[in-house]
Amino acid sequence: MTWQEVLENARGNVGPYCKACNICNGKACGKTVPGPGAKGVGDTAVRNYEAWQRIRVNLDTITENRTPDTSFTFFGYDMKYPIFAGPVGAVNLHYGDKMNDVEYNNILVPGCREAGIAAFTGDGVNPVVMEASSKAIAEADGCGVPTIKPWDPDTLQIKYRLVHESNAVAAAMDIDGAGLPFLQNLTPPAGSKTVEELGEIVKSVGRPFIVKGIMTVKGALKAKKAGAAGIVVSNHGGRVQDQCPSTAEVLPAIAKAVGDEMMILVDGGIRSGVDIFKALAMGADAVVIARPYVTAVYGGGKEGILALTEKLGGELRDTMKMCGAADLGEITEDCVFYGKF
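Residues numbered from 1 in each chain as written. Predicted model: local features only at pLDDT ≥ 70, side-chain atom pairs only at ≥ 80, totals over all residues. Heavy atoms only, no water.

**Remarks on the overall build of the protein chain**
Next up, step 1: A count of helices and strands for the protein chain gives eleven helices and twelve strands.
Next up, step 2: Over its C-alpha atoms the protein chain spans a radius of gyration of 19 Å, differing by no more than 12% from the 20 Å that the globule rule assigns to 341 residues.
Next up, step 3: Relative to its full complement of 341 residues, the protein chain shows a buried share of 56%.
Next up, step 4: Within the protein chain, residue pairs in contact and separated by at least 24 positions form 72% of the contacts whose partners lie at least 6 positions apart.
Next up, step 5: When the accessible surface of the protein chain is split by element, carbon and sulfur atoms take 52% of a total near 14,200 Å². (Helix = DSSP H or I, 4+ residues; strand = E, 2+ residues; numbered from the N terminus. Rg over C-alpha atoms; globule rule 2.2 N^0.38 Å. Buried < 20%, exposed > 50% of the residue type's maximum accessible area, 1.4 Å probe, protein only. Contact = heavy atoms within 4.5 Å. Areas by Shrake-Rupley, 256 points an atom, 1.4 Å probe, with all protein chains shown as cover.)

**Some words on the side chain of T247**
Next up, step 1: Along the chain, T247 turns up in helix 9 (residues 247-258).
Next up, step 2: Ignoring anything within four residues of it in the chain, the contact list for T247 reads N48, W52, M215, V233, S234, N235, V266, D267 and G268.

**Examining the pattern of salt bridges**
Next up, step 1: For the structure on display, the rule yields 15 salt bridges.
Next up, step 2: Salt-bridge contacts for K27 lead to E50; the nearest nitrogen and oxygen are separated by 3.3 Å. In this pair, K27 sits in the loop between helix 1 (3-10) and helix 2 (44-54) while E50 sits in helix 2, placing the two residues 23 residues apart along the sequence.
Next up, step 3: Judged by relative accessible area, K27 falls into the exposed class, the value being 52%.
Next up, step 4: The exposure class of E50 is partly exposed, given its relative accessible area of 30%. (Salt bridge = Lys/Arg side-chain N within 4 Å of Asp/Glu carboxyl O.)

**Details of the environment of A226**
Next up, step 1: Of note, A226 is situated in the loop between helix 8 (217-225) and strand 9 (230-233).
Next up, step 2: We classify A226 as buried; its relative accessible area is 10%.
Next up, step 3: It is 8.8 Å that separates the C-alpha atoms of A226 and I201, two residues lying 25 residues apart in sequence.
Next up, step 4: When neighbours within four sequence positions are excluded, A226 is seen to be in contact with V195, L198, G199 and V202.

**Some words on the packing of aromatic side chains**
Next up, step 1: Within the structure shown, the criterion is met by five aromatic pairs.
Next up, step 2: Centre to centre, the rings of F72 and F84 are 6.3 Å apart; their planes meet at 90°, and the pair counts as edge-to-face. Of this pair, F72 sits in strand 2 (residues 72-74) while F84 sits in strand 4 (residues 83-85), and the two are twelve residues apart along the sequence.
Next up, step 3: Residue F72 is classed as buried on the basis of its relative accessible area of 9%. (Phe/Tyr/Trp six-rings, centres within 6.5 Å; stacked < 30°, edge-to-face > 60°.)

**Details of unusual backbone geometry**
Next up, step 1: Going from G15 to P16, the amide bond is cis rather than trans, its omega being 10°.
Next up, step 2: Structurally, P16 is set in the loop between helix 1 and helix 2.
Next up, step 3: The omega torsion across V33 and P34 is 10°, close enough to zero to call that bond cis.
Next up, step 4: Assignment of secondary structure puts P34 in the loop between helix 1 and helix 2.
Next up, step 5: If you check the backbone angles, A20 has positive phi at about 45° while not being a glycine.
Next up, step 6: Tracing the backbone through its elements, the reader meets A20 in the loop between helix 1 and helix 2.
Next up, step 7: For N185, which is not glycine, the phi dihedral falls at a positive 60°.
Next up, step 8: Of note, N185 is situated in the loop between strand 7 (171-174) and helix 7 (195-205).

**Some thoughts on the environment of D60**
Next up, step 1: Mapped onto the elements, D60 comes out in the loop between strand 1 (56-57) and strand 2.
Next up, step 2: The class of D60 is partly exposed, set by a relative accessible area of 36%.
Next up, step 3: D60 sits 268 residues away from L328 along the chain, and the two C-alpha atoms are 15 Å apart.
Next up, step 4: Not counting residues within four places of it along the chain, the set of residues in contact with D60 comprises K321, M322, C323 and G324.

**Things to note about the nonpolar core**
Next up, step 1: One finds F74, F84, I231 and Y293 to be the most contacted residues of the largest nonpolar core, which totals 107 residues.
Next up, step 2: The dominant element in this core, judged by the number of residues it contributes, is helix 11 (residues 291-322), at eleven residues.
Next up, step 3: The residues touching F84, leaving out its near neighbours within four places in the chain, are F72, F74, M79, A118, F120, L265, A286, V287, V288 and I289. (Core = buried A, V, L, I, M, F, W, Y, C linked by side-chain atoms within 4.5 Å.)

**A look at helix 9**
Next up, step 1: Taking 1.5 Å per residue, twelve residues should reach 16 Å; helix 9 reaches 16 Å between its end C-alpha atoms and fits that length.
Next up, step 2: Taken together, the buried positions of helix 9 are occupied by T247, A248, V250, L251, P252, I254, A255 and V258.
Next up, step 3: For helix 9, the secondary structure elements touched by its buried residues are helix 2, strand 8 (209-214), helix 8, strand 9, strand 10 (263-266) and helix 10 (273-281). (Expected span 1.5 Å × (residues − 1).)

This is the structure:
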């Protein structure tokens, strides 16, 4: 199954908001929420995509002719590519009622494992969502990252149990989910966490913990102080706050501040293997891609996941070869060009 075939199939299954565009750049869906769009004027998702396009790669073919090694190790788990599918919730609301969250994650988790990568899974107000995704991760031998919303303490205790039962290689919290409407006005309160509260969460999870939703050096240092093993540089695809900078704009400073001490992942508008190469050169260890993997599942199930992953991996491999990088460790900042033209 080709990626173009996946897109064509998806157009008959998603909607009415997502258009399964050839280029998922945030323009067609704009500010559609519900839907896959961004909050407010809807330009943060567009800015995420366009920022990567302004960065260029530096050719270097005066080097030994080697087959690039794209393998990546995630807290002891070996992956074919430094790619994760991102956590997405309420797919039936945002992408179309051909599928619900349970059905979606039951395809996404094993499909990613079979493709040689791993999936972050979402969370929601319906407890069945995380129960089912945790079960899917357990059945995939822990290949997955359950992602918890910043709930109140009592709800978090239930989520910890699910993480432990999943035997997941790592767990995460999308801390920027504090801005989601369904987390507002709960008793006891859910939402943002102090460094101390986050530290207690890290201890309770009992495995490598990743904080998703970091957009500043200050935030990265707070996550580090709380004991997080990694972060995802992310603005939630523009869905929790209008008028944010793009992830590409803030990644280099964050990576330079904490990259030697924490795993750095990045999401937001990454749509090709060339974009992945740029992200790694700018300090990320791996990338997280959400919306296109939803399209992949709706358009081809596990075959769609494989088609997208191999498309991205092939583009990454080609770029590495043309830019003189034999493995991921050789993708350094001098491989990209920030100049204006």
